[in-house]
Amino acid sequence: PLEDLVADRVFRPTQATASFVSVKFPVTPSIHGYGLRHRPDADAWDRWEHSGPAAGVMASAEDVTKVIAALVFEDGALADIGQAMLEAPVEVCPRFSQGLGLHKLVSGAGYSLIGHSGSINGYVSFAYARPDRNTVLFGHLNRDCEELRDSMRRAVLLAEEFAGSE
């Protein structure tokens, strides 16, 4: 089954121990998200897509960070898979391209953030790695607001550009 494949190929090699796939009601405490299209303050828990088209992966912030690092960093346990995911990207706009499950943003200064983001009713999350710094940025918002996610990504890119390289 899919659950075993994901555990064998992703969770075990990255030591992601607080992650689930295709579990409708996870066994760990979870945050509730808010914001439905016509009811911005509605609790979206019952509308969560735990087993939707993306197999309903639920993971802790630490586990997401481990998996992104394993895919993106040169010495990552899943680096070969990460490279394949970015092999034939589609350019969405001049400094943003999308591969198979990974996105790549390039700053005006030329460095990259590589990762993944997504949203469902009441939730927006993202995890981006900066390979040249071995750093992963993770964010999880319990409000369905992609604009806030995008502004956070821009702020990270701009802050680094204004601060200069170390």
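The structure we're discussing is the one just above.
**Q** Which residues make up the pairing of strand E9 (residues 123-130), and what values do they have?
**A** With respect to burial, E9 is a largely interior element, seven of its eight residues being buried. By the bridge criterion, seven bridges tie E9 to strand E10 (residues 135-141) in an arrangement that is antiparallel. Across the sheet, phenylalanine 126 pairs through a bridge with glycine 139, a residue of E10. Connecting the antiparallel pair E9 and E10 is a turn made up of four residues, with asparagine 134 showing a positive phi of about 50°.

**Q** Can you break down the nonpolar core residue by residue, with the values?
**A** In terms of nonpolar packing, the biggest core is built from 18 residues, with Phe11, Ile68, Leu71, Val72, Phe73, Leu102 and Ala129 touching the most fellow members. Listed by contribution, the elements that provide at least two residues to this core are helix H1 (2-14), helix H2 (61-72) and E9. The next biggest cluster of nonpolar side chains, apart from the first, holds five residues, and it includes Phe96, Leu105, Phe126 and Tyr128.

**Q** Break down the side chain of threonine 14 for me, with residues and values.
**A** Within the element layout of this structure, threonine 14 appears in helix H1. For threonine 14, a relative accessible area of 8% gives the class buried. Every residue in contact with threonine 14, bar those within four places of it in the chain, is listed here: Lys66, Val67, Ala70 and Leu78.

**Q** Before we move on, could you go through the pattern of salt bridges and cite the residues and values that matter?
**A** As enumerated under the stated definition, the model contains four salt bridges in all. Close ionic contact of lysine 66 with glutamate 62 constitutes a salt bridge, the shortest N to O distance being 3.9 Å. Separated by four residues within a single helix, lysine 66 and glutamate 62 lie in helix H2, roughly one turn from each other. On the basis of relative accessibility, which here comes to 53%, the residue glutamate 62 falls in the exposed class. Put simply, aspartate 132 and arginine 130 hold a salt bridge, and the shortest N to O gap is 2.8 Å. Here the salt bridges share partners, and the residues they tie into one network are Glu62, Asp63 and Lys66.

**Q** Quick one: what's the story with H1, residue by residue and with numbers?
**A** Spanning 13 residues, H1 covers 17 Å between terminal C-alpha atoms, matching the ideal 18 Å at 1.5 Å per step. The sharpest bend along H1 measures roughly 35° and falls at aspartate 8. Of the residues making up H1, those classed as buried are Val6, Ala7, Phe11 and Thr14. Where the residues of H1 are buried, they touch strand E1 (19-20) and H2.

**Q** I'd like a rundown of unusual backbone geometry, residues and numbers included.
**A** Even without a glycine there, the phi angle at glutamine 15 is positive, about 60°. With respect to the element layout, glutamine 15 can be found in the loop between H1 and E1. For asparagine 134, which is not a glycine, the phi torsion comes out positive at approximately 50°. Topologically, asparagine 134 is positioned in the loop between E9 and E10.

**Q** Break down H2 for me, citing the residues and quoting the values.
**A** Between its terminal C-alpha atoms H2 stretches 16 Å, which fits the 16 Å expected from 12 residues at 1.5 Å a residue. All of the buried residues in H2 are Asp63, Val67, Ile68, Ala69, Ala70, Leu71 and Val72.

Each value, and the rule that gives it
- Each chain has its residues counted from 1, following the order in which its sequence is written.
- Confidence filtering applies because this is a predicted model: local features only for residues at pLDDT of at least 70, side-chain atom pairs given and counted only at 80 or more, and all residues used for totals across whole chains, interfaces and linings.
- Computation of side-chain values covers all heavy atoms of the structure but excludes hydrogens and water.
- Relative accessibility thresholds used throughout: buried, under 20% of the residue-type maximum; exposed, over 50%; partly exposed, between the two (1.4 Å probe, protein chains only).
- Every helix listed is a DSSP run of H or I at least four residues long, and every strand listed is a run of E at least two residues long, numbered separately from the N terminus.
- Note on pairing: two strands pair once DSSP finds at least 2 bridges between them.
- For our purposes a nonpolar core is just a set of buried Ala, Val, Leu, Ile, Met, Phe, Trp, Tyr and Cys residues, chained together by side-chain atoms within 4.5 Å.
- By definition, residues are in contact when any of their heavy atoms lie within 4.5 Å.
- Salt bridge, as used here, is a side-chain nitrogen of Lys or Arg placed within 4 Å of a carboxyl oxygen of Asp or Glu.
- What a helix is expected to span follows from its residue count: subtract one and scale by 1.5 Å.
- Fitting axes to the seven residues that end at a residue and to the seven that start at it, the angle between those axes gives the bend at that residue.

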